[in-house]
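# Observations on the model geometry
These are the residues of each chain, in order.
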Amino acid sequence: MVVHQHRRRRRRAGEAVLAVCAAVAVAALSACGAASGTGTDGGSGPGGGSKKGARDDRPPGDPAAAVRGAADALTAAGSAQTRTAMEMATGGTRVTIRGEGGVDFRKRMGQLLVMLPADVKGQPEHRPITELLVPGALYMKNRGAGVPDDKWVRLDTTTLSDGNLVTGGATDPVAAAELLRGAQEVTYVGETDLAGTKVRHYRGTTDIARAAQSASPGIKGALEAAAKGFSKDSVPFDAYLDEEGRLRKVRHRFTYVKNGVIDVSSTTLLYGFGTPVTVVLPPSGDIYAGKIAE
């Protein structure tokens, strides 16, 4: 690949993989049927934990300020384990893509193992995808779509039309928290219990462009791309913060237009704060540079 064509081909590769991700979602939605859906709304999200009725409806200070400060509280915490669930629905059919791993909020790096849904017979259609999350990039292994099993695909998240809020099948936990910096019209719902931890439930909308303006340097470019790529900047959310202001759970609801309209509910659960997280990037020779089938 000659130097002057490198950036153009990398952008095309990113767009191709984005199209593949959307195609996988649409195909899964068509094949699995409504019975394969595993909803995340109304529960405690991936990782479970009982959700009890609100015990205290008095807002502890400014709700919007509390939510906007969640990303800084996570940086202070250092690292955490995470579980994710991305539920996609269209035409009355829904499927869920799940992920699990860890994230270092100070280095803005993480690693996830993402499981795509099985087919209607219960047989897995895809091998789990290993994803490495780093500032400005997403690495994917076992992506399929013509990529050899022993190779990685590298995507520049600043060139993706969704900034990797949807592409990887799991919203980057760092991006999920940084997206809350644009929170507005926030209301305090009350206290509840999440996996044995008392948390405060907030509900509102966040503005992608506004979040991008105040985002950390490592995620700023991706959110700027998302602000340009989504048809609407406003994203509804439910956020759950513990007594230290750390984000324990957040659910964002996106409307994504790719081969049809797909409603996406992306849930991120954080726990095990302080757990060491090590991310080792693949050598350049293991990164696939060929054409990616759509």
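Check the entry above for the structure.
Each value, and the rule that gives it
Residues numbered from 1 in each chain as written. Predicted model: local features only at pLDDT ≥ 70, side-chain atom pairs only at ≥ 80, totals over all residues. Heavy atoms only, no water. Helix = DSSP H or I, 4+ residues; strand = E, 2+ residues; numbered from the N terminus. Buried < 20%, exposed > 50% of the residue type's maximum accessible area, 1.4 Å probe, protein only. Contact = heavy atoms within 4.5 Å. Pairing = 2+ DSSP bridges. Salt bridge = Lys/Arg side-chain N within 4 Å of Asp/Glu carboxyl O. Phe/Tyr/Trp six-rings, centres within 6.5 Å; stacked < 30°, edge-to-face > 60°.

This brings us to the overall build of the protein chain. Scanning the protein chain from N- to C-terminus turns up 6 helices and 11 strands. Within the span of the protein chain, comprising 294 residues, buried residues form 50% of the whole. The long-range fraction of contacts in the protein chain, counting pairs at least 24 apart against all pairs at least 6 apart in sequence, stands at 64%.

Attention shifts here to the pairing of strand E5 (residues 137-141). Among the 5 residues of E5, 4 are classified as buried, and the element is accordingly described as predominantly covered. Sheet topology places strand E4 (residues 129-134) next to E5; 5 bridges connect them, and they run antiparallel. Each residue of the ladder has a partner; that of Leu133, found in E5, is Leu138. Here E4 hands over to E5 after 2 residues, with Gly136 in that stretch at a positive phi of 85°. Pairing of E5 with strand E6 (residues 152-156) involves 5 bridges; the strand directions are antiparallel. Of the residues in E6, the one forming a bridge with Met140 is Val153.

Attention shifts here to the pattern of salt bridges. This structure, assessed with the given rule, holds 12 salt bridges. Note that Arg83 is salt-bridged to Glu100, the shortest N-O span being 3.6 Å. Of this pair, Arg83 sits in strand E1 (residues 79-90) while Glu100 sits in strand E2 (residues 93-104); the two residues are 17 residues apart in sequence, bridging distant segments of the chain. The class for Glu100 is partly exposed, based on a relative accessible area of 39%. Between Arg181 and Glu178 there is a salt bridge; the shortest N-O distance is 2.5 Å. For Arg181, a relative accessible area of 13% translates into the label buried. Because the salt bridges share partners, they merge into one network encompassing Asp72, Arg108, Glu178 and Arg181.

Tracing the chain through its elements places Gly272 in the segment after strand E11 (261-271). A sequence separation of 192 residues divides Gly272 from Ala80, and the C-alpha atoms of the two residues are 5.3 Å apart. Those residues within four positions of Gly272 in sequence are excluded, and the remaining contacts are Ser79, Ala80 and Gln81.

Moving on to the packing of aromatic side chains. Summed over all chains, the structure comprises 2 aromatic pairs. Look at Tyr188 and Tyr202: their rings are 5.4 Å apart centre to centre, the planes differ by 50°, and that puts the pair in the tilted class. Of the two residues, Tyr188 is situated in strand E7 (residues 183-194) and Tyr202 in strand E8 (residues 197-207); the sequence distance between them amounts to 14 residues. We classify Tyr188 as buried; its relative accessible area is 12%. According to the relative accessible area criterion, Tyr202 is buried, its value standing at 2%. Ring geometry for Phe230 versus Phe254: centroids 5.6 Å apart, planes at 25°, classification stacked.

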